[in-house]
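Chain by chain, the residues run as shown.
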Amino acid sequence: MMATGVGSLPYTGADQALKLIWDSVPEAPHWPQLPRQGAESSFIGQYLKALIETGIIGDYEQPRFQVEEADWTERMAEFYQLYLEAEEGSRAALDRFAFGAQGGEGFEAFCSDLAKHGTREAVLLKGQLSGPLTLGLQITDKNRRSSYYDETQREMLVKALALHAEWQTRRLREFGLPVLMTIDDPGLYAFGASTHVTLERDTIIADLNSIAAKIQAAGGIPAIHVCAGMDWTLIFDSNIQVLNFDAYEYMTSMLVLAEPLKRYLERGGVVSWGIVPTQEKVWQESADSLRQRLEDGLAQLIHKGVDATLLRRQSMLTPSCGTGTLKQETAERVYQVLGELSEVLREKGLPVFSL
């Protein structure tokens, strides 16, 4: 079964990260996020370059929408002018939605490695970006009001992320393989929670679809990663094609949705099972123990009426989450077990889907 990573690794340089990725997930390598490099490489800051350069958000260290500034209207006008130029096909404008120099180190190292050594065993390339709900809940204005609840701020954030997704997808497509572009949005767990009752289903889906549309327009495959349990029907009802979740801790959240999952698979959706734990307990697991854990979950879904062939064919493997906060040896253990599990399932003759 094909395996890939979620994104982040606990290194401060790209060389070690790339070696681990190519050694462990050579069929679906991803570029390494390196959050330990600093704020510009963090989950929150990495995709904000265009918003910071136009003065919409102040800086990478403590990103805030600068709505109180006297020239806020002019800053907004500059951002939308840039956005419209990119929409009209200006590559120079689209490039403004790329990474900053530090934030893009892992990405550029990945691209340089591909240009130098080719795609080798890879059948697809994976990229990733942070999602609009998570960023919108974390990035605030000076009054610490989450920007996601302000329509204007949310719109600019979504547009910036959508164009970044397009830019990143286009860059990776240059290497001639399908590109899986994952929106990493753990904040989606908040939908339906009593602490976030004002979050609206239609708004969340529309925002995800806006980003997915740019990924598809650039020739990519839109995916989502959520490292918690949630109402997965929200994703099933969107245009996301690959759903990646923490199947180690939250398999139950999928087991109760067998019928909606069945419809999702029938429309061509793929489930990426985050079955390798990104915690210290990975040292107590093995490829065989995780194979059994995953197959137990799949068997329950099949018993509930999910088509066995579709379920097994339209599946991938990942760690349960990124490994950027782990000790290096633990992150390496996660990728080692992931690679071994992929081989074990392949040896069992499970069908491999093609994107």
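As the structure is a computational prediction, the values presented were derived from the model and not from experiment.

What about the overall build of the protein?
Along the protein, the regular secondary structure elements total 14 helices and six strands. Its C-alpha atoms give the protein a radius of gyration of 20 Å, near enough to 20 Å, the size a compact globule of 355 residues would have. Expressed along its principal axes, the backbone C-alpha trace of the protein runs to roughly 65 × 45 × 35 Å. Across the protein, contacts joining residues at least 24 apart in sequence account for 74% of those joining residues at least 6 apart. Counting every atom, the protein has about 13900 Å² of accessible surface; 46% of that belongs to carbon and sulfur.

Some remarks on the packing of helix H5 (residues 105-117) against helix H7 (residues 151-173)
When two helices pack together, their arrangement is given by the angle between their axes and by how far apart the axes lie. Running from N to C, H5 and H7 point in directions that differ by 20°, and their axes come no closer than 11 Å. Put simply, H5 runs roughly parallel to H7. Within the contact between the two elements, H5 uses Phe 107, Glu 108, Phe 110 and Cys 111 and H7 uses Trp 167, Gln 168, Arg 171 and Leu 172. Along the lines of polarity and charge, the residues of the contact of H5 with H7 split into five nonpolar, one polar and two charged.

A closer look at the side chain of Asp 184
Take Asp 184: it is sitting in strand E2 (residues 179-184). Salt bridges are absent for the buried Asp 184, whose nearest opposite-charge side chain, Lys 126, sits at 7.3 Å. Contacts of Asp 184, omitting those with residues within four sequence positions, involve Val 6, Phe 43, Leu 129, Ser 130, Gly 131 and His 225.

Topic: the side chain of Thr 233
Topologically, Thr 233 is positioned in helix H9 (residues 233-236). Here Arg 201 takes part through its side chain, which lies 3.1 Å from a polar atom of the side chain of Thr 233. Residues within four places of Thr 233 in sequence aside, it is in contact with Arg 201, Leu 257 and Pro 260.

Some remarks on the packing of aromatic side chains
Per the stated rule, a full pass over the model turns up twelve aromatic pairs. For the ring pair Trp 31 and Phe 99, a centre distance of 5.2 Å and an interplane angle of 75° mean the geometry is edge-to-face. A residue pair is termed long-range when its members are at least 10 positions apart, and Trp 31 in the loop between helix H1 (14-24) and helix H2 (49-53) and Phe 99 in the loop between helix H4 (91-95) and H5 qualify at 68 residues. Like Phe 99, Trp 31 is buried. With centroids separated by 6.1 Å and ring planes inclined at 70°, the aromatic side chains of Phe 79 and Phe 97 adopt a geometry described as edge-to-face. Of this pair, Phe 79 sits in helix H3 (residues 72-87) while Phe 97 is found in the loop between H4 and H5, placing the two residues 18 residues apart along the sequence. Both residues of the pair, Phe 79 and Phe 97, belong to the buried class. Put simply, the rings of Trp 31, Tyr 47, Phe 99, Phe 107 and Trp 167 touch in pairs and so form one group of aromatic residues. Geometry around Tyr 248 places Arg 293 over its ring, the cationic atom sitting 3.8 Å from the centre.

Side note on the nonpolar core
Residues Trp 232, Ile 235, Leu 261 and Trp 273 are the most contacted members of the largest nonpolar core, which totals 115 residues. Sort the elements by how many residues they give to this core and H7 lands first, with ten residues. Among the nonpolar cores identified, the runner-up in size contains nine residues, and Ala 28, Leu 124, Leu 180 and Ala 223 belong to it.

A word on the sheet that holds strand E3 (residues 220-226)
Read from one edge of the open sheet, six strands run E1-E2-E3-E4-E5-E6, paired in parallel fashion. Whereas interior strands pair on both sides, the edge strands pair on one side only; in this sheet they are strand E1 (125-130) and strand E6 (315-319). Put simply, the sheet's adjacent strands are angled 25° from each other on average, direction ignored. As paired strands, E1 and E2 are joined by six bridges and run parallel to one another. The partner of Gln 128 across the bridge, within E2, is Thr 182. Along the sheet, H7 contacts E1, E2 and E3; its crossing angle with E1, the most-contacted strand, is approximately 165°. The strands that helix H12 (residues 287-303) touches are strand E5 (270-276) and E6; relative to E5, the one it contacts most, it runs at about 140°.

Thresholds applied
- Residues numbered from 1 in each chain as written.
- Predicted model: local features only at pLDDT ≥ 70, side-chain atom pairs only at ≥ 80, totals over all residues.
- Heavy atoms only, no water.
- Helix = DSSP H or I, 4+ residues; strand = E, 2+ residues; numbered from the N terminus.
- Rg over C-alpha atoms; globule rule 2.2 N^0.38 Å.
- Contact = heavy atoms within 4.5 Å.
- Areas by Shrake-Rupley, 256 points an atom, 1.4 Å probe, with all protein chains shown as cover.
- Axes fitted to C-alpha atoms, helices over the stretch in contact; angles between N-to-C directions.
- Parallel < 35°, antiparallel > 145°, perpendicular 65-115°, else oblique.
- Nonpolar A, V, L, I, M, F, W, Y, C, P; charged D, E, K, R; others polar.
- Buried < 20%, exposed > 50% of the residue type's maximum accessible area, 1.4 Å probe, protein only.
- Lys, Arg positive; Asp, Glu negative; His and termini not counted.
- Salt bridge = Lys/Arg side-chain N within 4 Å of Asp/Glu carboxyl O.
- Polar contact = N/O pair within 3.5 Å; in protein donor to acceptor, adjacent residues only side chain to side chain.
- Phe/Tyr/Trp six-rings, centres within 6.5 Å; stacked < 30°, edge-to-face > 60°.
- Lys NZ or Arg CZ within 6 Å of the ring centre and 35° of its normal.
- Core = buried A, V, L, I, M, F, W, Y, C linked by side-chain atoms within 4.5 Å.
- Pairing = 2+ DSSP bridges.

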